[in-house]
Amino acid sequence: MRALILTGALAFVSGQAFAGQAVSLRNDPLDDDGVVTLGELFEGAGAAAKTPVAGKPGASLTLDAVAVQGAARRAGLDWANAEGYRRIVVRSGATAQSSAAKGGVDVLTYARNFNAGDVVQPQDLVWGKAVSAMAGAPVDPAAVIGMAARRPLRAGALVSTRDLAAALVIKAGDTVTVAYENGGISLSLIGKATAQGGVGDTVSILNPASKKVIQAVATGPGQALVGPAADDFRAQRAPQYALR
């Protein structure tokens, strides 16, 4: 009995030791020296404030929230990420102060030249300043990350959703697995796409058995959904762009 009590006590102490110091993400993480630290990301980082997380070679840097959470945990900090952020944008403090003095609004610009079809990655976007935001300008980088350029785009140009489209994951002629899931029932068939589409787009799939064309929602390369699961997939995609 004593052994059990001792084991329980050790488990409790261990749990307390590894619980970590609770911290909160800063509203607008800023960095001045090119090295992003935990203190620049979190309020209440304490002794771990100077722990480096990543280098920031440009005016801004987009970090993966899961990776940041892991780095915080290794340094003894506990960030719950209750908001469900997927990415964290860190801007240059000097740039932010200069922009504030000059006035204007924050805008996203391209960090490199794009060819038609190139897919936007986090490192391809940097924050800039403009007198006003143009129509179609996204306010969150996550709204365009993963999208593809409709036409060639130059570095420094303002980002506009009109210049981008969902990256194609299904092309006409591709073999596609179409799944139906509802109430514990799962069915699937192999069809052939008669049109192209990106994630979340409705694409036409030819059922080789019935020779009928069905409409399915593309979820990934060679994958699509029909029925209630397709509706759920669309509904769940929009809120996933929460971002600092």
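Residues numbered from 1 in each chain as written. Predicted model: local features only at pLDDT ≥ 70, side-chain atom pairs only at ≥ 80, totals over all residues. Heavy atoms only, no water.

What to know about the pattern of salt bridges
Two side chains that carry opposite charge are able to pair once their charged atoms sit near each other. If you walk through the whole model with that rule in mind, you get four salt bridges. The partner of D124 in a salt bridge is R112, with the nearest N and O atoms 2.9 Å apart. Residue D124 is located in the loop between β10 (105-110) and β11 (125-130), and its partner R112 is located in the loop between β10 and β11; the two are separated by twelve residues in the primary sequence. Taken together, the salt bridges that share partners define one network made up of R112, D118 and D124. (Salt bridge = Lys/Arg side-chain N within 4 Å of Asp/Glu carboxyl O. Helix = DSSP H or I, 4+ residues; strand = E, 2+ residues; numbered from the N terminus.)

Brief notes about the sheet that holds strand β9 (residues 87-92)
Taken in spatial order, the three strands make up an open sheet running β3-β9-β7, and their pairing is mixed. The open sheet terminates on both sides in strands that have one partner only, identified here as β3 (30-31) and β7 (60-64). Pairing analysis gives five bridges linking β7 to β9, with the strands arranged antiparallel. The partner of S60 across the bridge, within β9, is R91. (Pairing = 2+ DSSP bridges.)

A few points about the side chain of T37
Note that T37 resides in strand β4 (residues 35-37). On the basis of relative accessible area, T37 is assigned to the buried category, the value being 14%. Ignoring sequence-local partners within four residues, the contact set of T37 consists of A49, K50, T51, P52 and V53. (Buried < 20%, exposed > 50% of the residue type's maximum accessible area, 1.4 Å probe, protein only. Contact = heavy atoms within 4.5 Å.)

A word on the packing of aromatic side chains
A ring pair, where both rings are aromatic, is described by two values, the distance of the centres and the angle of the planes. A full pass over the atoms with the stated rule returns two aromatic pairs. Measuring from centroid to centroid gives 5.4 Å for F42 and W79, while their planes differ by 55°, and the two rings are tilted. With F42 in strand β5 (residues 42-43) and W79 in the loop between β8 (77-78) and β9, the pair connects residues that are 37 residues apart, well separated along the chain. What makes W79 buried here is its relative accessible area of 4%. (Phe/Tyr/Trp six-rings, centres within 6.5 Å; stacked < 30°, edge-to-face > 60°.)

Focus on the nonpolar core
Membership of the largest hydrophobic core comes to 18 residues, with the highest contact counts inside it found for L25, L41, F42, L63, V68, L77 and W79. Put simply, the parts of the chain that give this core at least two residues each are α2 (38-41), β7, α3 (65-74) and β9. Tallying contributions element by element places α3 first for this core, with three residues. The contact partners of L77, leaving out residues within four places of it in the chain, are Q21, V23, L38, A45, A48 and A72. Ranked by size, the runner-up nonpolar core spans 14 residues in total, among them Y110, V120, L153 and V159. (Core = buried A, V, L, I, M, F, W, Y, C linked by side-chain atoms within 4.5 Å.)

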